[in-house]
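Listed below, chain by chain, are the residues.
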Amino acid sequence: MSENNYNDKAFNNGGFSRRDFVKGSAALLGGALVSQIPFSASAGAYVAGSDTLKVAVIGCGGRGTGAAIQALSTKGNVKLVAMADAFRDRLDDSYTNIQKKFEGDKKRVDVPEKNKFVGFDGYKKAIALADVVILATPPGFRPIHFEEAVKAGKHVFMEKPVATDAPGVRRVLAAAEEAKKKNLKVVMGLQRRYQNAYLETIKRINDGMIGDVVAAQAYWHNAGVWVRPRQAGQTEMEYQMRNWYYFNWLCGDHINEQHIHNIDVVNWVKNGYPVSAQGMGGRQVRNGVDHGEIYDHHYVEYTYADGTILNSQCRHIPNTMNRVEETFAGSKGRVVLSGDGKGIITDLSGKVLYNHRGKDDPNPYQTEHDILFAAIRENKPYNNAEIAAKSTMTAIMGRMATYSGQVINWDEALNSEISIMPKTFAFDAETPTKPDANGRYPIPTPGVTKVV
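Residues numbered from 1 in each chain as written. Predicted model: local features only at pLDDT ≥ 70, side-chain atom pairs only at ≥ 80, totals over all residues. Heavy atoms only, no water.

Draft legend 1. How the structure looks around the pattern of salt bridges. Scanning the model with the defined rule gives 22 salt bridges in all. Residue Asp264 pairs with Arg193 through a salt bridge whose shortest N-O separation is 2.8 Å. Taken together, the residues Asp264 in helix α11 (residues 260-270) and Arg193 in the loop between β6 (186-188) and α8 (196-206) connect sequence positions 71 residues apart. The burial state of Asp264 is the same as that of Arg193; both residues are buried. The salt bridge partner of Glu236 is Arg230, with a shortest N-O separation of 2.9 Å. Here Arg230 falls in the partly exposed class, since its relative accessible area comes to 36%. Within the structure, one salt-bridge network assembled from shared partners comprises Arg88, Asp92, Glu113 and Lys116. (Salt bridge = Lys/Arg side-chain N within 4 Å of Asp/Glu carboxyl O. Helix = DSSP H or I, 4+ residues; strand = E, 2+ residues; numbered from the N terminus. Buried < 20%, exposed > 50% of the residue type's maximum accessible area, 1.4 Å probe, protein only.)

And the structure:
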């Protein structure tokens, strides 16, 4: 499947053209950007349904907790009824924080002990109790959980990325098609697609303000993320689950888990996906025993079907340049975008044509839930799981290129049969990668590592 297979109707924010999605984007209501909802939106759109929407959260870390709070902050009757996590302490901390946010209001938070599920199979029990499911575990589990939610006929909010290998992406794509057939609403956690700076600036790109887009750059440079050292008595599976960011079967490397945001923005602007990728990367600083198997830097040159090149950079190294943004060069101008609400368009001489400063914009993390719950209440089609899956595949294709040192094309990447997931899920089960006698893991090596 190449980029040429995707047209504007297929590549959008959930079944509607991007032009429809941003039409009239100055209107605000109750902190949500109503015009971002691509169907009739008014105060009634959020409260049209009188029935309570029951929510389950699968994955009770910081993002799952935040997403649950945002879901419960939407208009209308919404109640958290079930929670699931591999670890009891994570579930308990999340429940406490959610209760504090809503001051113990049982109209919003009512999760009895029997609806708190711990372990690898708890997700099925929690999903069965809900109308809407929040999927926020480490991304390696996303295909399994999304598949189950769709099978059970549930609406879904799922965090990005949605897989860590090509077989997982294909499972999500298949479930996404099934969700469409069942008229299930699905929203992904690529929040830039719900953010004013991006919506307004990309609308102007689409309208031709900078002419033809001929090149792009995407950056995620910062000091890195948390590390959770090994504790006495942990099995290898528990250690890897606790320190999940540093293992590919759980995280997919930071090009997938984090840099996907920037890569997805370029796919959005290009209205498609790269046909090939080549690049380089490695571990220069982040190479301790608790840093698993992932790289601390990647550089990937992605090529789109029309010849446009995306230079993609991500780095986790302290005391180096911090930069998280996307830039575009056009035949008539340039664009700089960033998640802090900046959207700047200039002509080729540097004259500012558009300058979006988003300090008063709605919170896109909240907006994505407002849109999901409004779509459910009005029974309007909304499903952007395919976008999430294909942008995830773009990031994975970049990882394949840096790990192997080869040019990787879209078809061979998507059709790769190499699975990096465990055979079974249990705390005493075998993990896909194991430490040597010194506690160190095999590191991907260009020219040696097989990726397709």
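Draft legend 2. Region of the structure containing helix α12 (residues 364-378). Given a rise of 1.5 Å per residue, 15 residues ought to cover 21 Å, and the 21 Å separating the end C-alpha atoms of α12 matches this to within 8%. Most of α12 is tucked away, with 13 of its 15 residues classed as buried. At the N-terminal end of α12, a side-chain oxygen is found 2.9 Å from the backbone nitrogen of Tyr365, two or three residues along, and the residue is Asn363. In the stretch just after α12, Asn379 is the one whose phi turns positive, near 55°. (Expected span 1.5 Å × (residues − 1). Polar contact = N/O pair within 3.5 Å; in protein donor to acceptor, adjacent residues only side chain to side chain.)

Draft legend 3. Focus on the sheet that holds strand β11 (residues 323-330). Read from one edge of the open sheet, 9 strands run β14-β13-β12-β11-β7-β10-β9-β8-β15, paired in mixed fashion. Of all strands in the sheet, those with a lone pairing partner are β14 (352-357) and β15 (408-409), marking the two edges. Lying on the sheet, helix α13 (residues 385-404) is in contact with β8 (276-282), β9 (297-303) and β15; it crosses β9 at an angle near 115°. (Pairing = 2+ DSSP bridges. Contact = heavy atoms within 4.5 Å. Axes fitted to C-alpha atoms, helices over the stretch in contact; angles between N-to-C directions.)

Draft legend 4. Fine view of the sheet that holds strand β5 (residues 155-158). Read from one edge of the open sheet, 6 strands run β3-β2-β1-β4-β5-β6, paired in parallel fashion. The open sheet has two free edges, formed respectively by β3 (116-118) and β6, since each of these has just one partner strand. In this sheet, neighbouring strand axes are inclined to one another by 15° on average, regardless of whether the strands run parallel or antiparallel. As paired strands, strand β1 (residues 53-58) and strand β2 (residues 78-85) are joined by 6 bridges and run parallel to one another. Looking at the pairing, Val55 lines up with Leu80 of β2.

Draft legend 5. Seen up close, the nonpolar core. In terms of nonpolar packing, the biggest core is built from 125 residues, with Phe146 and Phe328 touching the most fellow members. A total of 11 residues in this core trace back to one element, the largest contributor, which is α13. Looking at which domains feed residues into this core, each of domain 1 (53-192) and domain 2 (193-359 + 383-415) gives three or more. Phe146 has contacts with Leu135, Val156, Met158, Val172, Ala175, Ala176, Val186 and Ala385, leaving out every residue within four places of it along the chain. (Core = buried A, V, L, I, M, F, W, Y, C linked by side-chain atoms within 4.5 Å. Domains from an automatic or database assignment.)

Draft legend 6. Summary view of the packing of helix α3 (residues 62-72) against α12. It is at 9 Å that the axes of α3 and α12 come closest, and there the two elements cross at 55°. One way to sum up the angle between α3 and α12 is to call them oblique. The element α3 and its partner α12 pack so that their crossing is right-handed. Facing Arg63, Ala67, Gln70 and Ala71 of α3, the residues of α12 in contact are Tyr365, Gln366, Glu368, His369 and Phe373. Partitioned by chemical class, the residues of the contact of α3 with α12 number 4 nonpolar, 3 polar and 2 charged. (Parallel < 35°, antiparallel > 145°, perpendicular 65-115°, else oblique. Left-handed = near helix turned anticlockwise from the far one by under 90°. Nonpolar A, V, L, I, M, F, W, Y, C, P; charged D, E, K, R; others polar.)

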